[in-house]
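Each chain, letter by letter, is given below.
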Amino acid sequence: MTTITDYELFEVPPRWLFLRIETSDGTVGWGEPVVEGRSRTVRGAVEELLETYLLGEDPNRIEDHWQAMYRGGFYRGGPVLMSAIAGIDQALWDIKGKRFGAPVYELLGGPVRDRVRVYQWVGGDRPADVGEAAAAKVDAGFTALKMNATPELRRVDTPSSVAAAVDRLGEVRDRVGPEVDIGVDFHGRVTKPMAKRLADELEVHEPFFIEEPVLPEHNDALPQIAAQTSTPIATGERMYSRWDFKQVFENGSVDVIQPDLSHAGGITEVTKIAAMAEAYDVAMAPHCPLGPIALASCLQVDAVAPNALIQEQSLDIHYNEGNDVLDYLVDPSVFDYDEGFVDLPDDPGLGVEIDADYVRERAELEVDWHNPVWRHDDGSVAEW
């Protein structure tokens, strides 16, 4: 019997954690278990899970391993544990695909599409110069964009703050026209009263969706916000399992879910979340401001989910300082974007070959990324 014999973890720029799992027959699988800004914490969780449940075990029993890692501990869920499980799960699927000589999506029932639409970020954390950036990305072939709606806002902010957000979106719409989709990310930095006002005022420019209009701990407010706008509501990057998604499916408040393949339990769990969403006529657009292994994992699920709408990807995103998505790949052409789409990878496993030597070289650097702590003008902490 083939067994899991070894693993390595690599913290690499700009803010990613890569996992390499090796089996007794020499097969290697890669995963990306990370919470942005908490990579060292997740690293400890990955080590504990592997050493408690997986070393010496058969790598092929992916569902059983998932159940053991999730249900084997009395305390479960949350970003750290579910991200650790996610990266391990990705690596196990990579191994299984390589064992059978097939992409993971072939083992999940086969693809329902040949390529996946992607969108491109513009504007940065505190959105600025969005019109010119948007036009450049459309000229490069993208047909969908995403931008932050606002910088930090007070709990109830001024009419001018709302007008500025409307003007920014209007600037992008004027530059790219009605044929391009524009997602608007509230990033959970907006309170319920401001979310209601912004959703209403932004509607004139027909956003693709508004994302995380409130923090996930306030998901009970989503039905009220959804009732006040025709703009699709998206959320889910800070929801970590199908149990976290139950409420928004049952109350009908969300149109697009955004589980993260490196946070929400990996390929095994997000495939189930996607199937749940389909039963409620909810689309899926996986969250992925991360690295190449996370993106490759997303594409495996996008390939088999009929309700997959579009895929986030982080090429040139404002967080990627020092390294970018393609740097760690032997063959970067696997993520060539054409007319706003990326073809499904067709190599076995996750479909990407990681440059292990380069990963080891970059892992020698100190990586200490944390999101900024913003403050209001009165000195109190603001949502980032």
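All values reported here derive from a predicted model rather than from experimental measurement. (Residues numbered from 1 in each chain as written. Predicted model: local features only at pLDDT ≥ 70, side-chain atom pairs only at ≥ 80, totals over all residues. Heavy atoms only, no water.)

**Regarding the pattern of salt bridges**
Throughout the structure, instances matching the rule amount to 17 salt bridges. Across the pair Glu11 and Arg43 runs a salt bridge whose closest N-O atoms are separated by 3.4 Å. Of the two residues, Glu11 sits in strand E1 (residues 4-12) while Arg43 sits in helix H1 (residues 39-54), which places them 32 residues apart along the sequence. In this structure, the salt-bridge partner of Arg154 is Asp377, at a minimum N-O distance of 2.9 Å. Of this pair, Arg154 sits in the loop between strand E5 (144-148) and helix H6 (159-176) while Asp377 is found in the loop between strand E14 (374-375) and strand E15 (381-382), placing the two residues 223 residues apart along the sequence. The partly exposed category is assigned to Arg154, whose relative accessible area is 38%. According to the relative accessible area criterion, Asp377 is exposed, its value standing at 66%. (Salt bridge = Lys/Arg side-chain N within 4 Å of Asp/Glu carboxyl O. Helix = DSSP H or I, 4+ residues; strand = E, 2+ residues; numbered from the N terminus. Buried < 20%, exposed > 50% of the residue type's maximum accessible area, 1.4 Å probe, protein only.)

**Digging into the domain arrangement of the protein chain**
Domain assignment breaks the protein chain into domain 1 (4-105) and domain 2 (108-348). Summarising the inter-unit geometry, the C-alpha centres of domain 1 and domain 2 are found 25 Å apart. Contact residues are listed per partner, giving 34 residues for domain 1 and 42 residues for domain 2. Between domain 1 and domain 2 lies a buried interface of about 2800 Å² when both sides are counted; carbon and sulfur atoms form 61% of it. (Domains from an automatic or database assignment. Contact = heavy atoms within 4.5 Å. Buried area = accessible area lost by both parts, 1.4 Å probe.)

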